[in-house]
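The chain contents come next:
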Amino acid sequence: MLLATTLQGFTIGLAMIIPIGAQNAFVLSRGIHRNHHLLSATLCSGCDLVLIAVGVFGGANLLAASPLGMALLTWGGVLFLGWFGGRSLLSVWRGKGEGLADSAQRMGAKSVLAMTLGVTLLNPHVYLDTLMLLGSLGSQVNESLRPAFAAGAMLASLVWFYSLALGAAALAPWLARSRVQRGIDLLVGIIMLSLAVQLAIGG
């Protein structure tokens with residue numbers, strides 16, 4: 001029963017994390033340039049670990065009880081993702097490998113740290129997935145099995161983000177080609193702006 005619950009948490013966690021979004025796009029771009037990609041993966045999964053734990057053990061109720069906080073978070077996310085998406089599309093228009101795929105020389109550890117925290121903590125979808133959805137599902141599990149469910153979901157986050165970062169780094173020689181890079185920047189820009197519009201409509 002313990003193993004089954006852990007596997008359930010792992011499977012549900014992957015299903016929520018894998019769909020490409022702001023976090024995945026940024027970790028992918030850092031991996032392509034081998035530019036602090038493990039730092040980015042560690043921060044994304046670390047934030048997920050904390051939020052999953054809070055959600056499964058009761059934090060979902062706190063988030064639902066603060067509509068003002070959720071509104072501020074939503075509009076902060078709209079502005080941040082809109083700026084990110086516009087910057088990435090501008091790099092495509094200029095024909096340069098900029099935007100989310102800035103060269104390694106132009107993004108130090110502090111910049112990567114700030115950007116990673118931005119796409120994570122200013123993205124309401126992160127809270128909805130980890131706190132609300134995983135938290136709600138976890139709260140339905142027998143109390144003695146909740147730690148196993150949470151551990152499975154946390155493992156999914158660790159496996160996914162490190163696989164994404166290391167996989168992108170391994171494929172960097174191909175992914176970093178100018179034409180491929182512009183295509184990635186275009187995809188990332190569209191994703192970011194789409195998320196911003198969705199958040200604005202929802203907000």
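Residues numbered from 1 in each chain as written. Predicted model: local features only at pLDDT ≥ 70, side-chain atom pairs only at ≥ 80, totals over all residues. Heavy atoms only, no water.

What follows covers the overall build of the protein chain. Looking only at helices and strands, the protein chain has 9 helices and 0 strands in total. The secondary structure elements of the protein chain, listed N-terminal to C-terminal, are α-α-α-α-α-α-α-α-α. Burial analysis of the protein chain (203 residues in total) assigns 46% to the buried set. A separation threshold of at least 6 residues defines the contact pool for the protein chain, and within that pool the share at least 24 residues apart is 86%. Total accessible area computed for the protein chain in this model is approximately 9800 Å², and 71% of it derives from carbon and sulfur atoms. (Helix = DSSP H or I, 4+ residues; strand = E, 2+ residues; numbered from the N terminus. Buried < 20%, exposed > 50% of the residue type's maximum accessible area, 1.4 Å probe, protein only. Contact = heavy atoms within 4.5 Å. Areas by Shrake-Rupley, 256 points an atom, 1.4 Å probe, with all protein chains shown as cover.)

Here we take up helix H5 (residues 109-121). Here H5 contains 13 residues, and its C-alpha end-to-end distance of 18 Å stays within 8% of the 18 Å for a straight helix at 1.5 Å per residue. Taken together, the buried positions of H5 are occupied by Val112, Met115, Thr116, Gly118, Val119 and Thr120. (Expected span 1.5 Å × (residues − 1).)

Our next topic: the side chain of Asp48. Mapped onto the elements, Asp48 comes out in helix H3 (residues 37-64). Buried within the structure, Asp48 lacks any salt-bridge partner; Arg30 is the closest side chain of opposite charge, at an N-O distance of 18 Å. In this structure, Asp48 is in contact with Ile17, Gln23, Val126, Thr130, Ser157 and Phe161, ignoring residues within four places of it in sequence. (Lys, Arg positive; Asp, Glu negative; His and termini not counted. Salt bridge = Lys/Arg side-chain N within 4 Å of Asp/Glu carboxyl O.)

As a packed pair, helix H6 (residues 124-139) and helix H7 (residues 146-170) sit with axes 9 Å apart at the nearest point and diverge in direction by 150°. Of the possible angle classes, the one that applies to H6 and H7 is roughly antiparallel. Note that H6 runs across H7; the crossing there is right-handed. Here H6 contributes Leu134, Leu137, Gly138 and Ser139 to the contact with H7, which in turn contributes Arg146, Phe149 and Ala153. A breakdown of the residues in the contact of H6 with H7 according to their chemical character gives 4 nonpolar, 2 polar and 1 charged. (Axes fitted to C-alpha atoms, helices over the stretch in contact; angles between N-to-C directions. Parallel < 35°, antiparallel > 145°, perpendicular 65-115°, else oblique. Left-handed = near helix turned anticlockwise from the far one by under 90°. Nonpolar A, V, L, I, M, F, W, Y, C, P; charged D, E, K, R; others polar.)

What follows is about the packing of helix H1 (residues 2-17) against H7. Here H1 crosses H7 at 45°, and the two axes come no closer than 7 Å. Considering the angle they form, H1 stands oblique to H7. Both H1 and H7 take part in a crossing whose hand is right-handed. The residues of H7 that touch H1, namely those facing Leu2, Thr5, Thr6, Gln8, Gly9, Phe10, Ile12, Gly13, Leu14 and Ile17, are Ala148, Phe149, Gly152, Ala153, Leu155, Ala156, Ser157, Val159, Trp160 and Phe161. Partitioning the contact of H1 with H7 into residue classes produces 13 nonpolar, 7 polar and no charged.

What follows concerns the nonpolar core. Counting residues in hydrophobic clusters, the biggest one holds 11 residues: Ile12, Met16, Ile52, Val56, Leu134, Val141, Leu145, Phe149, Ala150, Ala153 and Met154. Elements supplying a minimum of two residues to this core: H1, H3 and H7. Sorting elements by how many residues they give to this core places H7 first, with 4 residues. Phe80, Met107, Val112 and Met115 belong to the second-largest nonpolar core, a separate cluster that totals 10 residues. (Core = buried A, V, L, I, M, F, W, Y, C linked by side-chain atoms within 4.5 Å.)

Mapped onto the secondary structure, His37 falls in helix H3. On the accessibility criterion, His37 (14% relative accessible area) is buried. Setting aside residues no more than four positions away along its own chain, His37 makes contact with Arg30, Gly31, Ala165 and Ala169.

Positionally, Ser144 belongs in the loop between H6 and H7. Ser144 sits in the exposed class, given a relative accessible area of 56%. Along the sequence, Ser144 and Leu2 sit 142 residues apart, while their C-alpha atoms lie 9.3 Å from each other. Polar side-chain contacts of Ser144 include one of 2.7 Å to the side chain of Asn142. (Polar contact = N/O pair within 3.5 Å; in protein donor to acceptor, adjacent residues only side chain to side chain.)

Let us now look at the environment of Asp48. Judged by its relative accessible area of 3%, Asp48 falls in the buried class. Taking C-alpha positions, Asp48 is 7.0 Å from Met154, a pair spaced 106 residues apart along the chain.

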